[in-house]
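Listed here are the chains, written in short residue letters.
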Amino acid sequence: MDAILRQIGELLISSIPTIIGLLIVWTAYRFIVHGPLQRVLEQRRALTQGAIERAQAEIATAEARTAEYEQRVREARSQIYKAQEANRQRVMEERNNALAAARKQAGEMVKNARADLSKDVATAKAALQQQSDALADRVIARVLGTAKASAAAGGQ
């Protein structure tokens, strides 16, 4: 067993320059490569994270603008509908007013026509009455004239 321990000791002693070389390489790697590489990776991560945050902020801004645009569109549609409704109400009111005026005018025309018709009927009745009186007088005169002539011819 002494031989094994002596061989292990000799191996350890002969590995010291390798260990020192590895420590020097490791230290050089840490200062020359690892440190700058970590700084570059952190900058890259910061830039990437910053870009992501800016993109998220721009997305949020775009969503806010979209929501604002949609709200404005809804308000514009609402105003258009209100204007259309007001216009429709105005047109309906004008139509109703025109109908009322036309009805009033038609009523006046009917009233005037009835009055004219009543006057014409009264005038026609008066004319008929005069004509019937005149005709009755003529009929009576003729009947009486023929009766006088018959009586005068019968008395001869």
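Check the entry above for the structure.
Note that the coordinates shown come from a computational prediction; the quantities given were computed from them, not determined experimentally.

The rules behind the values
- Residues numbered from 1 in each chain as written.
- Predicted model: local features only at pLDDT ≥ 70, side-chain atom pairs only at ≥ 80, totals over all residues.
- Heavy atoms only, no water.
- Helix = DSSP H or I, 4+ residues; strand = E, 2+ residues; numbered from the N terminus.
- Rg over C-alpha atoms; globule rule 2.2 N^0.38 Å.
- Buried < 20%, exposed > 50% of the residue type's maximum accessible area, 1.4 Å probe, protein only.
- Areas by Shrake-Rupley, 256 points an atom, 1.4 Å probe, with all protein chains shown as cover.
- Lys, Arg positive; Asp, Glu negative; His and termini not counted.
- Charge placed at Lys NZ, Arg CZ, Asp CG, Glu CD.
- Salt bridge = Lys/Arg side-chain N within 4 Å of Asp/Glu carboxyl O.

**A look at the overall build of the protein chain**
Now for step 1: Within the protein chain, the regular secondary structure consists of one helix and zero strands.
Now for step 2: In terms of overall size, the protein chain is more extended than a compact globule, its C-alpha atoms giving a radius of gyration of 64 Å where 156 residues would be expected to give roughly 15 Å.
Now for step 3: Viewed in the frame of its principal axes, the protein chain has a C-alpha envelope of about 210 × 30 × 15 Å.
Now for step 4: Put simply, the protein chain has 156 residues, and 2% of those count as buried.
Now for step 5: Looking at the protein chain as shown, the accessible area adds up to about 14,100 Å², and 62% of this sits on carbon and sulfur atoms.
Now for step 6: Computing the positive centroid from 23 side-chain charges and the negative centroid from 17, the protein chain places the two 9 Å apart.

**Considering the pattern of salt bridges**
Now for step 1: As enumerated under the stated definition, the model contains three salt bridges in all.
Now for step 2: Arginine 88 is the partner of glutamate 85 in a salt bridge, and the nearest nitrogen-oxygen pair spans 2.6 Å. Remark: arginine 88 and glutamate 85 occur in helix 1 (residues 2-154); sequence separation between them is three residues, near one turn of the helix.
Now for step 3: Note on arginine 88: relative accessible area 43%, which makes it partly exposed.

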